Amino acid sequence: MRVTLWGTRGSQAAPGPDTVGYGGNTSCVEVEVDPASRIVLDAGTGLRRLGAALPSAVRRVDVLLTHLHMDHIQGLGFFAPLFRPGFEVHLWGPGSATVDLRQRLTRYMSPPLFPVRLPELPCALSVHDLSQADVEVPGAVVRTALVCHPGPTVGYRLATEQASLAYLPDHEPVLACKRFADSPQWCSGLDLANDVDLLIHDAQYDDDEYRQRVGWGHSTLGHALDFAQVANAKLLMPFHHDPAHDDDTLDACFETTASARVPIVPAREGETFYINNPQPQRV
Ligand SMILES: [Zn+2]
Ligand SMILES: [Zn+2]
């Protein structure tokens, strides 16, 4: 399972000279388990570069959306495969109680927010509302579950015979816990992350920021570590960096993690690696 990080930032894109190290594009992760297809986790602004870099052998992409906040869908309109006749694109994500995923996405993919409507796209497009059942995409089984974040939001677990990955970019599992995690069986997202090889998890806030933003749907690095430990994850990748946190801030945040309870590799845009051998290379 080869993983490439095209966007690691949360909430809003934050390009600039002081965010080059960790990246300015919003959530987008490419997973390769099959040479003719790709799995893409979220469609943040990183999706544009991913689409431009796809090799010609790839004929199908499955885009798994956690939720429809703008930082997770803003790259969709600039994803080149959507405009290639016959290219197979599958969009997966949560509907709401009253509106399905296609209608929810159309609110963005239509004027005045975007000039092209979903039905006008020339690709072979399928839009799938997620249920709680596992689904299969080429090369992997995908498990989903609703998780703690404002609005309908899911997390994902991808599994092959060789490796597993859990993706929870926007997640506040400590909300309403007196002491985390007193009752693990009730913990948001745990079923997705149990014993996983790689856990990509929200670590947006520092402790002071979190105290002012309880209920906003995000975690601190400490929360992510607690969650990873309870889940018995083998490796934690802190993700969804706050747009106000520049490279120096994030370096300071992660410099003391070498002796953490769970091994940590912070998410940096532009790095690619194989699960079970997380030595990153630049793309
Ligand atoms: Zn987000
Ligand atoms: Zn969100």
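Rules of the game
- Going along each chain's sequence as written, the residues are numbered from 1 onward.
- Following the order in which they are written, the chains are lettered starting with A and the ligands numbered starting with 1.
- The model is predicted, so local features are restricted to residues of pLDDT at least 70 and side-chain atom pairs to those at 80 or more, both for listing and for counting; the totals for chains, interfaces and linings are taken over all residues.
- Hydrogens and waters are ignored; side-chain quantities use all the structure's heavy atoms.
- A run of H or I in DSSP counts as a helix once it spans at least four residues, and a run of E counts as a strand once it spans at least two, with each numbered from the N terminus.
- It is over C-alpha atoms that the radius of gyration is taken, and the globule rule equals 2.2 Å times the number of residues to the power 0.38.
- Exposed residues in this analysis have more than 50% of their type's maximum accessible area, buried residues have under 20%, and partly exposed residues fall in between, with area computed by a 1.4 Å probe over protein chains only.
- Residues are treated as being in contact if the distance between any of their heavy atoms lies within 4.5 Å.
- Think of the donor list as every N, O and S atom within 2.8 Å of the metal, or within 3.2 Å for Na, K and Ca; water never makes the list, so a site can look incomplete.
- Labels for metal geometry use angle windows, namely 85 to 135 degrees for all angles of a four-donor tetrahedral site, and for square planar (four donors) or octahedral (six donors) sites opposite donors over 155 degrees apart plus all others within 65 to 115; sites meeting none of these are irregular.
- We call a pair of cysteine sulfur atoms a disulfide when they lie within 2.5 Å.
- Polar contact criterion, stated in full: a pair of N or O atoms within 3.5 Å, where within protein one must be able to donate a hydrogen and the other to accept it, and residues adjacent in sequence count only if both atoms are side-chain atoms.
- Strand pairing follows a simple DSSP-based rule, namely that at least 2 bridges must link the two strands.
- Note on method: axes are straight lines fitted to C-alpha atoms, helices fitted across the in-contact stretch only, with angles between N-to-C directions ranging 0 to 180 degrees.
- Within this document, salt bridges are pairs made up of a side-chain nitrogen of Lys or Arg and a carboxyl oxygen of Asp or Glu, the two lying within 4 Å of each other.

What follows is about the overall build of the protein chain. In terms of regular secondary structure, the protein chain is built from six helices and 14 strands. Its C-alpha radius of gyration of 18 Å places the protein chain within 12% of the 19 Å reference for a compact globule of 283 residues. Considering the protein chain as a whole, with its 283 residues, one finds that 55% of them fall into the buried category. For the protein chain, contacts bridging at least 24 residues in sequence account for 67% of all contacts bridging at least 6.

Bringing the coordination of the zinc ion (ligand 2) into the picture now. Coordination of the zinc ion (ligand 2) by the protein is provided by His 67 (NE2), His 69 (ND1), His 149 (NE2) and Asp 170 (OD), with metal-donor distances spanning 2.1 to 2.6 Å. Expressed as a motif, the donor residue spacing for the zinc ion (ligand 2) is H-x1-H-x79-H-x20-D. Metal-to-metal, the separation of the zinc ion (ligand 2) and the zinc ion (ligand 1) is 3.5 Å; Asp 170 coordinates the two. With His 69 in the loop between strand E4 (60–64) and strand E5 (88–93) and Asp 170 in the loop between strand E10 (164–168) and helix H3 (190–193), this pair connects stretches of sequence that are 101 residues apart. The class for His 69 is partly exposed, based on a relative accessible area of 33%. On the basis of relative accessibility, which here comes to 3%, the residue Asp 170 falls in the buried class.

Moving on, we come to the coordination of the zinc ion (ligand 1). Six octahedral donors around a metal ideally sit at 90 or 180 degrees from one another, while four tetrahedral donors ideally sit at 109.5 degrees. Coordination sphere of the zinc ion (ligand 1), protein contribution only: Asp 71 (OD), His 72 (NE2), Asp 170 (OD) and His 240 (NE2), at 2.1 to 2.2 Å. Coordination at the zinc ion (ligand 1) comes from four donor atoms whose angles at the metal span 90 to 167 degrees, giving a geometry best classed as irregular. In terms of primary sequence, the donors binding the zinc ion (ligand 1) are separated according to D-H-x97-D-x69-H. Look at Asp 71 and you get buried, because its relative accessible area is 6%.

On to the state of the cysteines, then. In the structure shown here, the tally under the stated rule is zero disulfides. Cysteine Cys 177 is unpaired, with the sulfur of Cys 187 as its nearest cysteine sulfur at 6.3 Å. Since its relative accessible area comes to 35%, Cys 177 is described here as partly exposed.

Within helix H5 (residues 221–231) the residues assigned to the buried category are Leu 221, His 223, Ala 224, Leu 225, Phe 227, Ala 228 and Ala 231. Residue Thr 220 occupies the N-cap position of H5, its side-chain oxygen lying 3.3 Å from the main-chain nitrogen of Gly 222. Looking at the residues trailing H5, positive phi occurs at Asn 232, about 60 degrees.

Once that is clear, we can look at the sheet that holds E10. Backbone hydrogen bonds are what pair the strands of a sheet, in a parallel or an antiparallel way. Taken in spatial order, the six strands of this open sheet run E7-E8-E9-E10-E11-E12, and their pairing is mixed. One side of each edge strand has no neighbouring strand; the edge strands of this open sheet are strand E7 (135–137) and strand E12 (236–239). Here the strands of the sheet are splayed against their neighbours by 20 degrees on average, with no regard to which way each runs. Pairing of strand E11 (residues 198–202) with E12 involves four bridges; the strand directions are parallel. The residue of E12 that forms the bridge with Leu 199 is Leu 236. In this fold H5 packs onto E10, E11 and E12, with an angle of close to 145 degrees to the strand it touches most, E11.

The next thing to look at is the pattern of salt bridges. On inspection of all chains with the given rule, the structure shows 14 salt bridges. The partner of Arg 38 in a salt bridge is Glu 30, and the shortest N-O contact between them spans 2.8 Å. Neither Arg 38 nor Glu 30 differs from the other in exposure class; each is buried. A network of salt bridges, in which partner residues are shared, links Arg 2, Glu 30, Glu 32 and Arg 38.

Function cannot be read off these values alone, since they describe shape.
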